[in-house]
Amino acid sequence: MPVERWTPAQVDAVAPDASSLKGARGVGTPAKWQGSGLLDDVLWGLCKGSGSNPYQVCVDLSGPAYKCSCPSRKFPCKHALGLLLVWAGGATIEESAEAPAFVAEWQASRSARAARAAAPRATGSADPAAAEKRAQQRAERVAGGMAELSRWLDDQVQQGLATAERAGHQPYETMAARLVDAQAPGAASAVRRLGSVAGIGPHWGDRLLGDLAMLRLLVDGHDRLDELSPALAATVRSRIGFVVPTEEVLAGEAVRDHWQVLGQHDSDDGTITTRRSWLLGAGTGRFALHLSFAAPGQSLAADLVPGTSFDGELCFYPGAVPLRALLKDRLSPVRPLPEPVGAVGIGVALAGWTDVVAAEPWRTDAPMLLAAVVPSADGHLTDASGASLPLAAGYREPWWLLAFSGGAPATVAGEWTPGGLRPLAAWVNGRFIPAGPPMPGAGVARSPELPPDLLAAALVGTARRPFAAASIDVGDRSLPVSRLSLLEAAATALIYARAGVTAATDRPGVPPAPAETDSPLPGAAGIRLRRLLSDGGTPGGTQQAQELLSQWLAAAASHGGHVPPDTLPALLDAGRRNSVIRPAIGRVGGRRGQWLAAMRPDWRWLRDESPGESDPLTWDTGTPGERLEHLTRLRRTDPGAALAMLRGTWKSETAEDRARFITALAHGLSTDDDTFLDAALDDRRKEVREAALELLQRLPGSGLGRRMAERALAAVTLHGDRLVVVPPAELTPELRRDGLAAQPARGTGVQAWLLEEVIAGAPLTTWTSAFGRGPAAVVALARSHDWETPLLHGFAKAAIVQQAPEWATELVRDENLREAVRWDLHLLLPPAELARIAADFLRREDHLAHRLLAVHPGAWPDELAIAVIETIAHRARTDKHSWQLAELCRAAALAMPPRYSPHLSKLAVQLDEAAADPSRVRPVAELARTLTFRHEMLQEFE
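Because the structure is predicted, anything quoted here is derived from the model rather than measured. (Residues numbered from 1 in each chain as written. Predicted model: local features only at pLDDT ≥ 70, side-chain atom pairs only at ≥ 80, totals over all residues. Heavy atoms only, no water.)

Student: Residues and numbers for the overall build of the chain, please.
Tutor: Secondary structure assignment for the chain yields 41 helices and 20 strands. In terms of overall dimensions, the chain has C-alpha extents of about 120 × 70 × 50 Å along its principal axes. Counting every position in the chain, which comprises 942 residues, the buried fraction comes to 50%. Intrachain contacts of the chain at a sequence separation of at least 6 include 66% that bridge at least 24 residues. Element-wise, carbon and sulfur atoms account for 52% of the exposed surface of the chain, whose accessible area totals about 43,900 Å². Taken together, the 98 basic and 108 acidic charged side chains of the chain have centroids lying 3 Å from each other. (Helix = DSSP H or I, 4+ residues; strand = E, 2+ residues; numbered from the N terminus. Buried < 20%, exposed > 50% of the residue type's maximum accessible area, 1.4 Å probe, protein only. Contact = heavy atoms within 4.5 Å. Areas by Shrake-Rupley, 256 points an atom, 1.4 Å probe, with all protein chains shown as cover. Lys, Arg positive; Asp, Glu negative; His and termini not counted. Charge placed at Lys NZ, Arg CZ, Asp CG, Glu CD.)

Student: Go over helix α10 (residues 230–240), please, and point to the residues and values.
Tutor: For α10, the full list of buried residues reads Ala 233, Ala 234, Thr 235, Val 236 and Ile 240. Against the buried residues of α10 lie α5 (128–159), α8 (185–194) and α9 (204–223). After α10 finishes, the residue Gly 241 shows a positive phi value of roughly 130°.

Student: Would you mind going over empty space enclosed by the protein in detail, with residue names and values included?
Tutor: Counted by the stated rule, this structure contains one cavity of 30 Å³ or more. Looking at the largest cavity, its volume works out to about 40 Å³. As for the largest cavity, its lining consists of Leu 279, Leu 289, His 290, Leu 304, Phe 310, Leu 314, Ala 325 and Leu 327. For the lining of the largest cavity, the secondary structure elements donating two or more residues are β7 (287–294), β8 (308–316) and β9 (325–330). Residues belonging to the lining of the largest cavity are distributed by class as follows: seven nonpolar, one polar and no charged. (1 Å grid on protein atoms, 1.4 Å probe; cavity = no way out; pocket = protein on both sides within 12 Å on 5 of 7 lines; lining within 4 Å. Points joined across faces, edges and corners; volume = space filled by probe spheres on them. Nonpolar A, V, L, I, M, F, W, Y, C, P; charged D, E, K, R; others polar.)

Student: Before we move on, can you summarise the sheet that holds strand β4 (residues 65–68) with the specific residues and values?
Tutor: An order of β1-β2-β3-β4 is seen for the four strands of this open sheet, with the pairing classed as antiparallel. At either end of the open sheet lies a strand with only one pairing partner, and these are β1 (33–39) and β4. Neighbouring strand axes in the sheet, compared pairwise and without regard to direction, differ in orientation by 10° on average. For strand β3 (residues 55–60) and β4, the ladder comprises four bridges, and the chain directions are antiparallel. The residue bridging Val 57 from the neighbouring strand is Cys 68, located in β4. (Pairing = 2+ DSSP bridges. Axes fitted to C-alpha atoms, helices over the stretch in contact; angles between N-to-C directions.)

Student: Report on the UniProt feature "domain: SWIM-type" (unreviewed entry) in the chain, specifying residues and quantitative values.
Tutor: The positions UniProt marks with the feature "domain: SWIM-type" (unreviewed entry) are residues 55–88. Overall, residues 55–88 shows 32% helix and 29% strand. The separation of its end C-alpha atoms is 20 Å. (UniProt positions renumbered as here; feature names shortened; annotations may be inferred.)

Student: Account for the pairing of β8, naming residues and giving values.
Tutor: Counted residue by residue, β8 has seven buried out of nine residues, so it is predominantly covered. Summarising the sheet, strand β5 (residues 254–268) and β8 pair through seven bridges and their orientation is antiparallel. When the bridges of β8 are listed, Asp 257 appears paired with Gly 312. As defined by bridge partners, β8 adjoins strand β10 (residues 335–336) across two bridges and the pair is classed as antiparallel. Across the sheet, Ser 309 pairs through a bridge with Arg 335, a residue of β10.

Here it is as C-alpha cells:
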C-alpha cells in the first residue's frame, strides 16, 4: 500500500521546538539533498553538510521514528524535518528497490530493540514485604499531610480570604512544602497554584474560593477512600500524587481501535514542558489523552502527529473518567486524517462535559470534537442548530480558522474549560490545519461562578460571619446545604454550575466569504510563502526576509492568482507593518483576503489596495481602493472622461481621497489636465498641493512651467558666453503658491535658495531653447560662475523631477552637489551606465561603490555581477575588515541575478577548504544560500 504524503502542517507538528523548525527550513529544499528515496515506510536522504560527507537521514513514517548521523541531540533533528518538508512539499522521491546500507542497519537495530522490548520481563518487587512496608509508611505520611491540609483550609475561611491579597504567595508556598514532605505532590501543586490566584485579576476571590473548595473535596475524598468505588478512589489517589507505574498500566486491558490524533497543546511551567495529545477512537468513540514530558533543553516526543491516524492499542490509567492513556502497540502505519470520525453538535458535547464533571469534579478540561461549526463575530463557535460556545481568552479571534474555512462549516477539535473552548485543530473539506497560537488580549470578562452570599462570607471569614445558610441559589435552582461547611457548600455550587453550563443561542456565524474568481498560485509557491512568513524560514536576518517577501509578492502579482488562504493572517500583518508591499498583497490576496480584512480594523488597508470591478457604479459606491482603481483604469482608456468624473465629485471628496485620486492623473497626463491641477495648488491640504505640483512639474507646456520659465529667464540671462544672474529678491505669495519652499537649505542664503528653487521649477527645455545649446554646454556655463552652486543644484533638481537622464549624466560627476541631490541623480542614469560606474568603483576600491550598488534599480547586469563576485573573492582572501565583505554580500544577496549562486557556492567551499577565517566564509556561504533561495523561489512561478 503506497504511503500517503504528509502535509507541511503535520511536519511542523512533530518539530521539537521552533529553532529546529527554523533550521529545517534551511535544508528543506531538494537542492540540499544529494540523494533520497522511499523504501516501504522509510524515507531516507543524504543531506549536504559543512563536512565532506553528507548527513545520513532516515525517517520511519509508520512510527514515526528518526535517525540522523549529525551530532544533534534533538529528535527529530533539523535534517530529518528538512527531509520531511521536501517530501511534504511535493518533491519527487522515487521508491527504492533496496535500502542503502545505513538504512538497512538502522532497520535491523530497531527490529532488535523491538524484539527485546516484546520479550517477557519479570514484574513485581524483588522484596514484596519491603515494598508493602514502604507503601504503608507513605500512606501514613500522606494521611498526616492531608489532615494538616484540612486544618489549614479551615483556617483560611475562618480568618477570611480578604487577608490573602495582602499576604501574597508565601502562605501557599509554606503549605505546599509541607505536603511535598508528606509525599503528596499533587495536592502540593494545587496549593502552590493558589498563590497565583490570590489578589490577582478580576474576581480573584471567587476563583480562590472555588480552588479551596476543590481541595476540601479532595481531603474529604481521601478521608473516605475506603468507601469510594475503585475508579473514583484511583482518581483521588492520582490527584493527591500517587503514581501508577507504567508497567502496571500496560499490563491492564488494551483498547484496540483506529485512533485519530486530533491535536496537541504544549505548556511550560519553567521546570518541565508538557505535551498533551488528544486522540479519539473511530470505532469506540472514546477520547484518550497522551502526555509526554521534557526537562529544560530536552525535546518532547513527536510520535503522535496531529492530523493523522493509525490502528493501535491504548492502555488507560484507572480513574472515574479514564482519559489518560499509554500507547501499547501501533498496528499500522500512520496515515493522514482527511476528516475525523465522531464529531458531534455542541449540545451533545456539553452533555459529555456534564458527565465528566459529575464523575470527576476536579477536572477542569475535557476534549470536544465539534461538527460543522462556524466562528461568530464575537468569539464563539456556532453549530448548525444555532447553539454556540465561547472561545477561551487568547483564542477569541480565530483568524487562522476564518482564513482557512472562509466561514464554511468546519470540524473543530478543542479542550473545553470553564473559561471557554481552547481550539486544537480544524478540518475543512478534507484539509487539516492546527490551531494558531494564542493571541494576547483581555478576552471576555469572566463571570463569578459562586453565589455572592458564599463569597461574602468567605471574604469576611466565618469567625466573624458564621455560615449557616440552609440553601444556596445556583442559576435557577436552590441547593440544600444546611449540613455542609462553607467550603463544602462552595464545592457543591461550583460543581453544579460547571456541570450545568448551557450553550448560547444568539451568536450567528459570520457570513461566508465570496468564491474566488482567480486561480490559486502554484502549490510550491504557496509553500515558499509559508516559509517567508514564518520566523527563521529564510536565509539572512529579518530585514532580508522582508525584502525576499517583497520580491516573492512582486513575482506572484506578475504571475497572477491568489495566495493560500491559511497564509492570509500573517500576510495581512506583514502588510500592516510594511506599507510598501501593500499594493502587491492587494493583487494576490483574493476575495477571501478582502473578506477577512473587513473584520479587523488594522487590516482594512487591504480593501483600499485591492482592485475593484470595472463597474460604473464603483465610483459612487466602492471603497477608496476600488474607486482609485476604477479612476486609474478609466484614465488609461479615456483620460478626458476620467477627469470629468473626478471634477464632478472633487469638492465632496475627503482630503485623503483627493490626495490619492490626483495621483491617478499621472496616467494619460496632458495639457487638458493643466487647469484642474493648477487649481489644486490652492487646496487646503498640503498633500494635495504637493501631488498636483509634482504632476505639473512633469507636464510639458503647463501654466506652472510657463510661469517658472519666465521667472528663471528673468533671473538668468546669457550675454555672449557668460551668464548674468539677478536672483529673486524675496519669496512672494505667487512663488510660494507655485511650490517654492520657505526654508532654505542649511548654509544657503535666501537669494541663492530662491534662485535654486526657481531654476528647479523651470522646464529644462527653457535653457536649451533660450541659449541654443545642449545640456552639456548649459551646465558648462554654470561651472566656475559666482552663482555656480545654486545654478547647478537648480539644474540637478529639475533633472530629478523631470526625469531627464541626459542632464543627469552631465551633472552626476559634479562633486560640489549636495550628497542627497547627487545620489538622486544616480537613479536617473540608465541601468547599464550606473552598473558600469559601480563596477569601475569596485575595481578601484572606491568607498562610494557600496552606495552606487544600493541605488541601482532592479537586477544587476552581468558586468556588475561579475565585478562584485571578483571583489568578494578578493576581499574574502585578503581584506582585514570582514564587515566590508559582509556588507557587500548583503547587498548582493537581493540584487545579484540568482543564476550566479553556483559560483558563490563554489567560492564558499574553496574558502572553507582553505581554512579561511570563519568570519569571511560565513557571509559568502549566506550569500550563496540566499541566491539559491531566490532562484528556487522564482522557478516555482514558471
